[in-house]
Amino acid sequence: MTDEPTRADGGFSKSEMMIVAAARELAGRRVCFVGVGLPNIAVNLAQRTVAPDLELVYEAGVFGARPARLPLSIGDPTIVTGATAAVSMYELFSFYLQGGLIDVGFLGAAQIDRFGNINTTVIGDYGRPKTRLPGSGGACEIAINAREVFVIMRQSRRSFVERIDFRTSPGNLGGAEQAERIRREGGWLGRGPSVVVTDLGIWHFDDDGEMRLDSLHPGASLDEVRSTIGWEPRVSRDVSTTPPPTDAELRLIRDELDPGGTYTR
Amino acid sequence: MSSFKVASMHDAVADLVRDGDTVAIEGFTHLISFAAGHEIIRQRKRDLTLARLTPDLIYDQMVAGGVARKLIFSWLGNPGVGGLGAIRRRIETGEPAPLEVEEYSHFGMVGRYTAGAANLPFFPIRSYFESDLPVANPLIREIESPYGDGVVYAVPPLKPDVTIVHAQRADAAGNAQVWGLLGCQKEAAFAAERVIVVVEELVDEAVVRADPNRTIIPGLIVDAVVVEPFGAHPSYVQGAYDRDNRFYLEWDAITRDEDAIQAWLRDWVYDLDGRTAYLEKLGLERIAALRPSGSAPSGVVDYGEYR
């Protein structure tokens, strides 16, 4: 199976690199609230590699999931069978999330700005949108109550924008100074976004709350990063190259987690 | 109220769902009563307000069937697959008729049902700070703690006229037991004026009484029990059948085209007289393929006898 032709030049696809990089960022974390789509496969990979003790929390009402297959969506019978606890959504959001037990909230986004504010609601005007997106789901409360937020999404001029059309989930607002004051005064548990993993690289957040490119994935260039982002990006002075996926990581993705290539083509 | 509440889906929907009602068919990806949704379309109910955290395919079908004037929700999509075309077109273009929307987050919707069930004027949550959602929906309101320790957001109670839930089993009085994902069916049922419980299996009262921890809805609040095996297809029932993902993928194509949706509704809803005909049309082979790949029984607990 692994002898089959690889999915892109260099032996792995951009999506596979993105998922692997996101999974590795979870090393050392204990409790992770899983979002729909790409976060789902990244956290399941992390549980099988760098973070075997990772407690997967699904908003559907599961703590300590041990899915035997990649869940089809954010609710799936495989996240219940073998889990530590199946609870009501009331308990999940009230006691586990709002009660402060979530280390990492893992989100996707349709639009993000330089301060990590997220839009998953509409493109265009709210009352008559050009594109109606899914909306918050649990993202708004996750962004506020999870201790830190990871974002995984593909880069493009349409998604990395100077100004998002709707702020569904708050990030570092207009900058760290403002965000830290509002979090402190509002008694938020969350410290906001800490990492954004894309198909081109890994971004962390500077002291002033703006995202900074720290690592470029193999094959990606700074020109490509600049042409897929709606502002002049901040790049670390010593930007590194993300180590490529290992054979073991690729095997897990291709044979076990996403054999149909739904997320990784 | 009689303790024998077993009814046909036709009669339960005809008696308990009325034009203009607020209807909640709850179940978070799990236990979604497609059978009830289809019956509501078939009986051409009108001007309903449909409430549900995740409208899923069933509300896309019901909106396409013309039963709804308003949607109350927190996440709009075909989970793990894509979008809901009938609903999106109504929102984006207002065609063929505008669809009013009232939008929250998941926790906001859970809080609304909880306040409705507990007879509270609002439910406070630590969400919505610095989000545009309270701007889009002015019913989400900031409130000061009466104890002087800060600000939270309030959501109003949601009290559906009718809540419909699917469960693994219930007795004839409507005492309903569920395992697997619990979603917010309990909150949505207690918040409602009328409750329909649809079950895979009708069991003796003794089965319920042997395992009271598994009862999420007491017959006390239930108006009708409908026995409809596979009534949650194409969604799933823990331990009984898996999500029919092939259908969720097929819907992604159907929902892009209004004519295709109407043709589907004709073939699978209007031209059939109920769930039995739907299952015959679906075929035994397709249904059998959705059985779990193996068994994973819970251990048996001993409640003890105390005289």
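As the structure is a computational prediction, the values presented were derived from the model and not from experiment.

## Structural notes on the overall build of chain B
Step number 1: Each helix and strand counted, chain B has twelve helices and twelve strands in total.
Step number 2: Here chain B has a C-alpha radius of gyration of 20 Å; the compact-globule value for 307 residues is 19 Å, and the two agree.
Step number 3: Along the first, second and third principal axes, the C-alpha set of chain B runs to 60 × 50 × 40 Å.
Step number 4: The 307 residues of chain B split such that 50% are buried.

## Overview of the overall build of chain A
Step number 1: When helices and strands are tallied, chain A shows seven helices and 14 strands.
Step number 2: Taking 18 Å as the expected radius of gyration for a compact globule of 265 residues, we find that chain A reaches 18 Å, a close match to that expectation.
Step number 3: Burial statistics for chain A: of 265 residues in total, 56% are counted as buried.
Step number 4: Looking at chain A alone, contacts between residues at least 24 apart form 67% of all its contacts between residues at least 6 apart.

## Describing unusual backbone geometry
Residue and element names in this part refer to chain B.
Step number 1: With an omega of 10°, the peptide bond running from His233 to Pro234 counts as cis.
Step number 2: Along the chain, Pro234 turns up in the loop between β12 (224-227) and α9 (245-254).
Step number 3: The backbone phi angle of Glu130 is positive, close to 60°, even though this residue is not glycine.
Step number 4: In this structure, Glu130 sits in the loop between β5 (123-125) and α6 (133-136).

## Thoughts on the nonpolar core
Step number 1: Grouped together as the largest cluster of nonpolar side chains are 171 residues, with contacts concentrated most on Ile19(A), Ala42(A) and Val197(B).
Step number 2: At seven residues, the largest contribution of residues to this core is made by helix α1 (residues 14-24) of chain A.
Step number 3: Here this core spans two domains, since at least three of its residues come from each of domain 1 (9-105 + 159-288) and domain 2 (122-156) of chain B.
Step number 4: When near neighbours in sequence (up to four residues on either side) are disregarded, Val197(B) contacts Val165(B), Ala167(B), Ala170(B), Gly174(B), Ala176(B), Ile217(B), Val222(B) and Val225(B).

## Observations regarding the sheet that holds strand β6 (residues 141-144) of chain B
Residues and elements named next belong to chain B.
Step number 1: Strand order in this open sheet of three strands is β5-β7-β6, and the pairing throughout is antiparallel. This sheet does not close on itself; its edge strands, each paired only once, are β5 and β6. Within the sheet, the average angular offset between the axes of one strand and its neighbour, ignoring direction, is 45°.
Step number 2: Bridge analysis of β6 against strand β7 (residues 151-155) gives four bridges, and the strand direction is antiparallel. Considered in β7, the bridge of Ile143 is made with Val152.
Step number 3: Across the sheet, helix α5 (residues 106-117) touches β5 and β7, and the angle it forms with β5 is around 155°.

## Structural notes on the sheet that holds strand β11 (residues 193-197) of chain A
All names here are of chain A.
Step number 1: Spatial ordering of the open sheet is given by β4-β3-β2-β1-β5-β10-β11-β12-β13-β14, a layout of ten strands whose pairing is mixed. Two strands lie at the open edges of the sheet, namely β4 (85-86) and β14 (234-241), each paired on one side alone.
Step number 2: Relative to strand β3 (residues 62-65), strand β2 (residues 55-58) is paired through three bridges, and the arrangement is antiparallel. Across the sheet, the residue bridging to Tyr58 is Val62, located in β3.

## Focus on the packing of helix α1 (residues 9-16) of chain B against helix α2 (residues 34-42) of chain B
Residues and elements named next belong to chain B.
Step number 1: Packing of α1 against α2 brings their axes to within 10 Å, and their N-to-C directions diverge by 65°. For the element pair α1 and α2, the recorded crossing hand is right-handed. Contacts between α1 and α2 involve Met9, His10 and Val13 from the former and Ala35, Ala36, Glu39 and Ile40 from the latter.
Step number 2: For the contact of α1 with α2, the class distribution of residues is five nonpolar, one polar and one charged.

## What to know about α5(B)
Given 3.6 residues to a turn, an α-helix orients residues that are three or four positions apart in the same direction.
All names here are of chain B.
Step number 1: Spanning twelve residues, α5 covers 17 Å between terminal C-alpha atoms, matching the ideal 16 Å at 1.5 Å per step.
Step number 2: Across the twelve residues of α5, twelve count as buried, placing the element largely inside the fold.
Step number 3: Taken together, the buried positions of α5 are His106, Phe107, Gly108, Met109, Val110, Gly111, Arg112, Tyr113, Thr114, Ala115, Gly116 and Ala117.
Step number 4: Backbone geometry just downstream of α5 places Asn119 in the positive-phi region, at approximately 55°.

## A word on the domain arrangement of chain B
Residues and elements named next belong to chain B.
Step number 1: By the assigned domains, chain B splits into domain 1 (9-105 + 159-288) and domain 2 (122-156).
Step number 2: The straight-line distance from the C-alpha centre of domain 1 to that of domain 2 is 30 Å.
Step number 3: Of the residues lining the interface, four residues belong to domain 1; the matching set on domain 2 comes to seven residues.
Step number 4: Of the residues belonging to the side of domain 1 that touches domain 2, the class tally is one nonpolar, one polar and two charged.

## Focus: the environment of Gln61(B)
Residue and element names in this part refer to chain B.
Step number 1: Of note, Gln61 is situated in helix α3 (residues 56-64).
Step number 2: Between the alpha carbons of Gln61 and His38 there is a distance of 8.1 Å; along the sequence they are 23 residues apart.
Step number 3: With residues near it in sequence (within four places) discarded, Gln61 still touches Gly37, Ile41 and Leu265.

## Description of the interface of chain A and chain B
Step number 1: In this complex, chain A contributes 40 residues to the contact, which on the side of chain B involves 43 residues.
Step number 2: Counting residues per element, the ones that place at least two in the side of chain A that touches chain B are α3 (89-97), β9 (129-132), α4 (139-145) and α5 (176-186) of chain A.
Step number 3: When residues of the side of chain A that touches chain B are assigned to their parent elements, the largest contribution, four residues, is made by α4(A).

## Some points on α3(A)
Step number 1: Taken together, the buried positions of α3(A) are Met89(A), Tyr90(A), Leu92(A), Phe93(A), Tyr96(A) and Leu97(A).
Step number 2: Its buried side turned inward, α3(A) meets β1 (31-34), β2, β3 and α4 of chain A together with α5 and α7 (185-191) of chain B.

## Some words on the pairing of strand β8 (residues 162-170) of chain B
All names here are of chain B.
Step number 1: With eight of nine residues buried, β8 lies mostly within the body of the structure.
Step number 2: Of the pairings in the sheet, the one linking strand β1 (residues 22-25) to β8 comprises three bridges and is parallel in character. Paired with Ala24 across the strands is Thr163, a residue of β8.
Step number 3: Pairing analysis gives eight bridges linking β8 to strand β10 (residues 194-202), with the strands arranged parallel. If you follow Ala167 over to β10, its bridge partner there is Val199.

## Things to note about the confidence of the model for chain B
Step number 1: Per-residue pLDDT for chain B has a mean of 97; in total, 99% of the residues score no lower than 70.
Step number 2: Both confidence scores are given for the complex: pTM 0.96, ipTM 0.96.

About the criteria used
- Residues numbered from 1 in each chain as written.
- Chains lettered and ligands numbered in written order.
- Predicted model: local features only at pLDDT ≥ 70, side-chain atom pairs only at ≥ 80, totals over all residues.
- Helix = DSSP H or I, 4+ residues; strand = E, 2+ residues; numbered from the N terminus.
- Rg over C-alpha atoms; globule rule 2.2 N^0.38 Å.
- Buried ≥ 20, exposed ≤ 12 C-beta atoms within 10 Å, placed from the backbone.
- Contact = placed C-beta atoms within 7 Å.
- Core = buried A, V, L, I, M, F, W, Y, C linked by C-beta atoms within 7 Å.
- Domains from an automatic or database assignment.
- Pairing = 2+ DSSP bridges.
- Axes fitted to C-alpha atoms, helices over the stretch in contact; angles between N-to-C directions.
- Left-handed = near helix turned anticlockwise from the far one by under 90°.
- Nonpolar A, V, L, I, M, F, W, Y, C, P; charged D, E, K, R; others polar.
- Expected span 1.5 Å × (residues − 1).
- pLDDT = per-residue confidence, 0-100.

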